[in-house]
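Examining the three-dimensional arrangement
Single-letter residue listing:
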Amino acid sequence: NPLPLAIDVSLLRETPDDPRPQPLLEAWAFGDVSLVRTRRVPCLVGHYSPDGLQPCLPCPAGNYSVVEGATSCTPCAPGSFSLGGQPACSPCPLGTEAPLEGTVNCSACIPGYFANDTGLAECLACAGGTFGNTSGASVCDDCLAGTMSTQNATVCEDCIPGSFTAISRQTV
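Residues numbered from 1 in each chain as written. Predicted model: local features only at pLDDT ≥ 70, side-chain atom pairs only at ≥ 80, totals over all residues. Heavy atoms only, no water.

Some points on the overall build of the protein chain
The number of helices and strands found in the protein chain is 0 helices and 19 strands. Of all 172 residues assigned to the protein chain, the portion counted as buried reaches 31%. Pairs at least 24 residues apart make up 31% of the contacts formed inside the protein chain by residues separated by at least 6 positions. Put simply, the protein chain shows about 10300 Å² of open surface, and 58% of that area lies on carbon and sulfur atoms. (Helix = DSSP H or I, 4+ residues; strand = E, 2+ residues; numbered from the N terminus. Buried < 20%, exposed > 50% of the residue type's maximum accessible area, 1.4 Å probe, protein only. Contact = heavy atoms within 4.5 Å. Areas by Shrake-Rupley, 256 points an atom, 1.4 Å probe, with all protein chains shown as cover.)

Comments concerning the state of the cysteines
Going through the model one piece at a time under the given rule, you end up with 7 disulfides. With its sulfur 2.0 Å from that of its partner, Cys109 forms a disulfide with Cys123. What sets the handedness of the Cys109 and Cys123 disulfide is the S-S torsion sign, and at about -85 degrees it is left-handed. Of this pair, Cys109 sits in the loop between strand 13 (107-108) and strand 14 (113-114) while Cys123 sits in the loop between strand 14 and strand 15 (124-125), and the two are 14 residues apart along the sequence. With respect to class, Cys109 is no different from Cys123; both count as buried. Cys159 carries a free sulfur, and the closest cysteine sulfur to it, the one in Cys143, is 9.3 Å from it. (Disulfide = S-S within 2.5 Å.)

Points about unusual backbone geometry
With omega at 10 degrees, the peptide bond leading from Gln54 into Pro55 counts as cis. With respect to the element layout, Pro55 can be found in the loop between strand 6 (47-48) and strand 7 (57-58). Positioned with a positive phi, Asn152 is a non-glycine residue whose angle comes to about 50 degrees.

Topic: the environment of Leu83
If you trace the backbone, Leu83 turns up in the loop between strand 10 (80-81) and strand 11 (90-91). The exposed category is assigned to Leu83, whose relative accessible area is 60%. Distance in space between the C-alpha atoms of Leu83 and Asn63 is 7.9 Å, their sequence separation being 20 residues. Each residue touching Leu83, except ones within four places of it in the same chain, is listed here: Ala61, Val104 and Asn105.

Here you go:
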């Protein structure tokens, strides 16, 4: 008959995604053979497996899981991103956008557009009378007096000969 076996729980193997030793359910010995059975532990936040129990994989980039024992990961919403294995997505920084769900990296706004807040799905067009001549802008610059622009301009143009503007931010 097998006999219960005393075992040092500090010797139990840790799993790659959880440094905690696995809880011991039972240990038995019969002659030279011993059996150690552990209870499977739920996946940590930011990880998943088909049954939600270890062994687990980190959520792929562009996804997250907020609960322990996840069986799948959720794609990041537009305006946010994740590098993977995270419990939440991060908002895109100023001057960037993420128009699609499941984004890995936010994209810099192109010239003529800006993002003046974090977590924007799409960059905003520079208004008439302003311009944006750099990528990743968080603000648009005003056209100077004597110049004008249309929406999403990258430069301001001089006023038409015979006309003028004495104020900044003049539109065409």
